[in-house]
Amino acid sequence: MGRGGKRRNARGRGKKPEGHVDGERRVYKKFEELRRDNDNFRKYYTAQKIVSEEEFPELMEAMRTVLPTNFRITGSRQQAIDIREQILKEFIPLIKETTIDGAEIDPPHPLEWYPNNFGWQFTIPRIALKKSNELSKFHSFLVTETEVGNISRQEAVSMVPPLFLDVHSNHYVLDMCAAPGSKTAQLVEALHSDVEDGKNPEGLVIANDADYKRACMLVHQMNRLNSPNIIITNHSGERFPNIYKLDAEGKRIPREIVQFDRILCDVPCSGDGTTRKNVRVWEKWRPDDAHTLNPLQSKILQRAAYLLKTGGRLVYSTCSLNPVENEAVVAHVLDHFEGALQLVDVSDQLTALKRRPGLKTWKVMSRDGNLHDTYESIPPGEHGRNRRKYASKFFPLEPKRMDELHIERCMRIYSHMQNTGGFFVAVLEKVAPISVDEKKKAEREAAAYAAAMEAAKLQAEAEAEAEAAATEAVTEQAESTGAEKRPADDGRRPYLPDDPREDPALMENPFVFLNADEGELKNILEFYGIKDTMSRSGFLSRIENGTFRSVYHVSDSVRKMMTLAGQRLRVVNTGIKVFSRNSVKGAGCAYRLVCEGTPQVLPHLPPKYILDVSFGDLKVLLEEINPLLTALSEESQERLKTVESSSSVIVRYDPSKHTEDEEKPFTRLTAVLAIPCWRGHASLSIHLDKNQLCSLIHRVLGRVVNRKNVPGYKIDNNGKSQDVTPADSAAATPAMESDAATAEDTTTEAE
């Protein structure tokens, strides 16, 4: 996670001031005019010796250059191999033959350390994308596949932490600071990677973020993954609630909380490793940004330690190079837990990833630009005026203790090593239970810290009074602040990482589990003949005015978690949307199947609502809008006669059953295509939104759809076959719709 200012309340309340911190109006410069250097930055990191003196200029030069573009093919989807083959066999040969102003273009290449060649990087400048039709096609392909969810745009080093977490399908996983969600997506993919098609993993992923708006961003990211094993929550990371286990009578078991097998702590940080994409970091960088964030980062890591199972794995990461945010946090938390947490040696994993060991010594820079080796070397006046800016926990522990903790097992990734951003990663394992005495220890440490801060405050007040004695105005101002009247104990509860205070409840309609034996859900299941193999206890929705618009489905693990948590979890979103209310009058069922839920529902549908088609029929559905049933093969026509009009049906195409005499798809397909369609009175139309349709047309027919070609085109929802084809107009249409049934498909719900 980047700047701490993105976190709720991390930078204070209210609107940001319009001027600069000194009250002067800020003059904004063009991107090209921004200075990519900072004297204090250079001084600070030269003193830290993060690289050798000879190597430091190379690091600085790399940090000034523009970051290359990286993307990742979503590894848990069936079509991941198809997408990879399409890049290798279609786009790379095309780009190799492309020149811009006589210069050759470097094609995309796989990241050598990312498994299965699913991580990619390219350095094609944006201006080149506009000058070449071939490159423009590749860019359109990336945009479309990203919106569909087959590809995720993500910085290369950001892909690293989830890989070291080693997630399996039976794991309970917590991402404590998840937004914007690229790493969470990797965790979900890993959860599904070794699960058979049509089955759900036994584990789950809770994607949490402290900022509600950023948590809502996660909804869109997670909806593209179509997983019933995700819960998106909104809690401060250091205050993620205890979820207590229940006994046979449904009563809470004291001290028995749900713990997680894997936890990712990609904490808020100063982000000074992101200068290649966030150029303004250069001018905004200050050493005390890290000092402000260190206490929060430590609290999040301590909270994660309590929530982690014994034997579980935890990854702590930042996009900062600052040891105060990295090694200082890890070392002092490890020391606090006295051996219950240990750093894991992962030097034999991802061996192609270049990295440097963690620092064992570093310096802390005060606001006056001076560097200090120890807390005691800071002048006493600094302790008083900036009592929260400087703390002993910003500094290294004793050298012997640093060796015992194996701080060198932390990983530092620098921009010049593999053309990436800067990053810090520490992999930790919980090797022993945390004693119940930890609570008392935490209370003692909190009390000692409060006492030290109070002593520092009194010292500061004494100094301030001495200075104020010369000027009556200053004295009056000091009295008006009431600082000297503030008691040492202001009544606030000290932070206890094993039992933090709870965040207030989320003020929106909660998810409610539906009874499959009554009401509209019963009618839906009976109409579509959903088999009992689909868990009847996993259906839920948000009820508004006694009714619901959409039905979601969650895995058994998610249901159990939400049942245990009750209202303690601030749930923003969960589950896959499987049914949505249609607006067709006289339809046999008021709800239709939706694209997101197709993989979830398909294994449990009776053959009546599954239409296996040849490539010829698939081509007709893609080339025509609302094609007449008579345009399909006789076999498909006969099958559709058994399906009620104004209802949903799943069209399935299996490439393995492709006959030699049939026309072949443009791209070699290996994954089975399952497409929701609407069976009208005399027509059959695809129910996909524009991005999914564009992606499918490209892979099957080899046509790149560009919305600029047919601006303003709109589909007649009640029309029959037309001369305009989806392959020519899909990008300009809201969605492939018919009989007004898909009017709601074009919006992504965050309800």
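Residues numbered from 1 in each chain as written. Predicted model: local features only at pLDDT ≥ 70, side-chain atom pairs only at ≥ 80, totals over all residues. Heavy atoms only, no water.

### A short note on the overall build of the protein
- Helices and strands together make up the secondary structure of the protein, namely 23 helices and 29 strands.
- Taken across its 751 residues, the protein has 53% of its residues classed as buried.
- Partitioning the intrachain contacts of the protein with sequence separation of at least 6 by distance along the chain shows that 77% fall at a separation of at least 24. (Helix = DSSP H or I, 4+ residues; strand = E, 2+ residues; numbered from the N terminus. Buried < 20%, exposed > 50% of the residue type's maximum accessible area, 1.4 Å probe, protein only. Contact = heavy atoms within 4.5 Å.)

### Brief notes about the nonpolar core
- If you look at the biggest cluster of nonpolar residues, it comprises 81 residues, and the most contacted ones within it are Met-176, Ile-263, Tyr-316 and Met-561.
- Among residues more than four places away in sequence, those in contact with Met-176 are Asn-208, Asp-209, Gly-237, Phe-240, Ile-263, Leu-264, Cys-265, Ile-300, Arg-303, Ala-304 and Leu-307.
- Counting residues in each nonpolar core, the second largest holds 62 residues, with Trp-113, Phe-138, Met-222 and Val-425 among its members. (Core = buried A, V, L, I, M, F, W, Y, C linked by side-chain atoms within 4.5 Å.)

### As for the sheet that holds strand E6 (residues 151-153)
- Strands sit in the order E4-E5-E1-E6 across an open sheet of 4 strands; the sheet is antiparallel. At either end of the open sheet lies a strand with only one pairing partner, and these are strand E4 (109-110) and E6.
- Note that strand E1 (residues 69-73) and strand E5 (residues 119-122) share 4 bridges and pair antiparallel. For Thr-69, the partnering residue across the bridge sits in E5 and is Phe-122.
- The strands that helix H5 (residues 133-148) touches are E1, E5 and E6; relative to E6, the one it contacts most, it runs at about 100 degrees. (Pairing = 2+ DSSP bridges. Axes fitted to C-alpha atoms, helices over the stretch in contact; angles between N-to-C directions.)

### Comments concerning the confidence of the model for the protein
- Per-residue confidence for the protein gives a mean pLDDT of 82, with 80% of residues at or over 70.
- The model gives residues 707-726 a pLDDT under 50, and that stretch makes 49 contacts with residues more than four places away or in other chains.
- Taken as a whole, residues 728-751 scores under 50 in pLDDT and shows 93 contacts with residues more than four places along the chain or in a different chain. (pLDDT = per-residue confidence, 0-100.)

### Quick notes on the packing of aromatic side chains
- Here the structure, examined in full by the defined rule, presents 25 aromatic pairs.
- Look at Tyr-316 and Phe-424: their rings are 6.4 Å apart centre to centre, the planes differ by 75 degrees, and that puts the pair in the edge-to-face class. Taken together, the residues span a long stretch of sequence, with Tyr-316 in strand E13 (residues 308-318) and Phe-424 in strand E19 (residues 423-430) at a distance of 108 residues.
- Residue class for Tyr-316 comes out buried when judged on its relative accessible area of 0%.
- Under the relative-accessibility criterion, Phe-424 is labelled buried at 0%.
- Taking the ring centre of Phe-513 as reference, the NZ or CZ of Arg-559 above it sits at 4.4 Å. (Phe/Tyr/Trp six-rings, centres within 6.5 Å; stacked < 30°, edge-to-face > 60°. Lys NZ or Arg CZ within 6 Å of the ring centre and 35° of its normal.)

### Let's talk about the sheet that holds strand E27 (residues 647-653)
- As summarised here, the arrangement of the 4 strands in space is E26-E27-E28-E29, forming an open sheet in which the pairing is mixed. In the strand order of this sheet, the two ends are held by strand E26 (610-612) and strand E29 (684-686), each with one partner. Ignoring strand direction, the axes of neighbouring strands in this sheet form an average angle of 35 degrees.
- Looking at chain direction, E26 and E27 are connected through 3 bridges and run parallel. Counterpart to Ile-610 in the pairing with E27 is Ile-650.

### What to know about the state of the cysteines
- The full count for this structure, using the stated rule, is 0 disulfides.
- No disulfide involves Cys-265; its sulfur sits 6.6 Å from the nearest other cysteine sulfur, which is in Cys-177. (Disulfide = S-S within 2.5 Å.)

### Some thoughts on the packing of helix H20 (residues 615-623) against helix H22 (residues 690-701)
- Where H20 meets H22, the axes come as close as 11 Å, and the angle between the chain directions of the two elements is 135 degrees. With respect to each other, H20 and H22 are oriented oblique. Relative to H22, the crossing made by H20 is left-handed. Across the interface between the two elements, Phe-615, Leu-618, Lys-619, Leu-622 and Glu-623 of H20 pack against Leu-693, Leu-696, Ile-697, Val-700 and Leu-701 of H22.
- Grouping the constituent residues of the contact of H20 with H22 by class yields 8 nonpolar, no polar and 2 charged. (Parallel < 35°, antiparallel > 145°, perpendicular 65-115°, else oblique. Left-handed = near helix turned anticlockwise from the far one by under 90°. Nonpolar A, V, L, I, M, F, W, Y, C, P; charged D, E, K, R; others polar.)

### Section: the pattern of salt bridges
- Within this structure, the stated rule accounts for 27 salt bridges.
- One salt bridge in this structure joins Arg-356 and Glu-55, with 2.8 Å as the shortest N-O distance. Residue Arg-356 is located in strand E15 (residues 356-357), and its partner Glu-55 is located in the loop between helix H1 (39-48) and helix H2 (56-64); the two are separated by 301 residues in the primary sequence.
- By relative accessible area, Arg-356 is classed as partly exposed at 26%.
- When its relative accessible area of 15% is taken as the criterion, Glu-55 is described as buried.
- Beyond isolated ion pairs, a larger network of salt bridges with shared partners links Asp-37, Arg-42, Glu-61 and Arg-64. (Salt bridge = Lys/Arg side-chain N within 4 Å of Asp/Glu carboxyl O.)

### Things to note about the environment of His-687
- Structurally, the position occupied by His-687 is in the loop between E29 and H22.
- Given a relative accessible area of 0%, His-687 falls into the buried group.
- Taking the C-alpha atoms as reference points, His-687 and Ser-648, 39 residues apart in sequence, are found 9.1 Å from one another.

### Concerning the side chain of His-171
- Looking at the element boundaries, His-171 is found in the loop between helix H6 (160-165) and strand E7 (172-175).
- A polar side-chain atom of His-171 sits 3.0 Å from the main-chain amide nitrogen of His-168.
- Residue contacts for His-171: discarding those within four places in its chain leaves Asp-166, Leu-191, Gly-203, Leu-204, Asp-261 and Arg-262. (Polar contact = N/O pair within 3.5 Å; in protein donor to acceptor, adjacent residues only side chain to side chain.)

### Examining the environment of Ile-105
- Looking at where Ile-105 falls in the secondary structure, it is placed in the loop between strand E3 (103-104) and E4.
- C-alpha separation for the pair Ile-105 and Leu-135, spaced 30 residues apart in sequence, amounts to 9.6 Å.
- Discounting chain neighbours no more than four positions away, the residues touching Ile-105 are Ile-95, Thr-98, Ile-100, Ile-124 and Leu-135.

### A word on the pairing of strand E21 (residues 539-542)
- Both faces of E21 are covered, namely the face carrying Phe-539 and Ser-541 and the face carrying Leu-540 and Arg-542.
- Of the pairings in the sheet, the one linking strand E20 (residues 511-513) to E21 comprises 3 bridges and is antiparallel in character. Counterpart to Phe-511 in the pairing with E21 is Arg-542.
- Inspection of the sheet shows E21 paired to strand E22 (residues 550-553) by 2 bridges, in the antiparallel sense. In the sheet register, Leu-540 faces E22, and the bridge partner there is Tyr-552.

### Thoughts on the pairing of E13
- Extensive coverage of E13 is indicated by the burial of 8 of its 11 residues.
- Note that strand E12 (residues 260-266) and E13 share 6 bridges and pair parallel. Its bridge partner being in E13, Leu-264 is matched across the sheet by Val-315.
- Of the strand pairs in this sheet, E13 and E19 are connected by 6 bridges, and their pairing is antiparallel. Bridging across to E19, Leu-314 finds its partner in Leu-428.

### A closer look at helix H10 (residues 288-307)
- The end-to-end C-alpha separation of H10 is 30 Å, in line with the 28 Å expected for 20 residues at 1.5 Å each.
- Considering bend angle alone, the principal kink of H10 is centred on Asn-294 and spans about 35 degrees; proline Pro-295 follows within four residues of it.
- Of all 20 residues in H10, 17 are buried; the element is thus mostly enclosed. (Expected span 1.5 Å × (residues − 1). Bend = angle between axes of the 7 residues up to and from the residue.)

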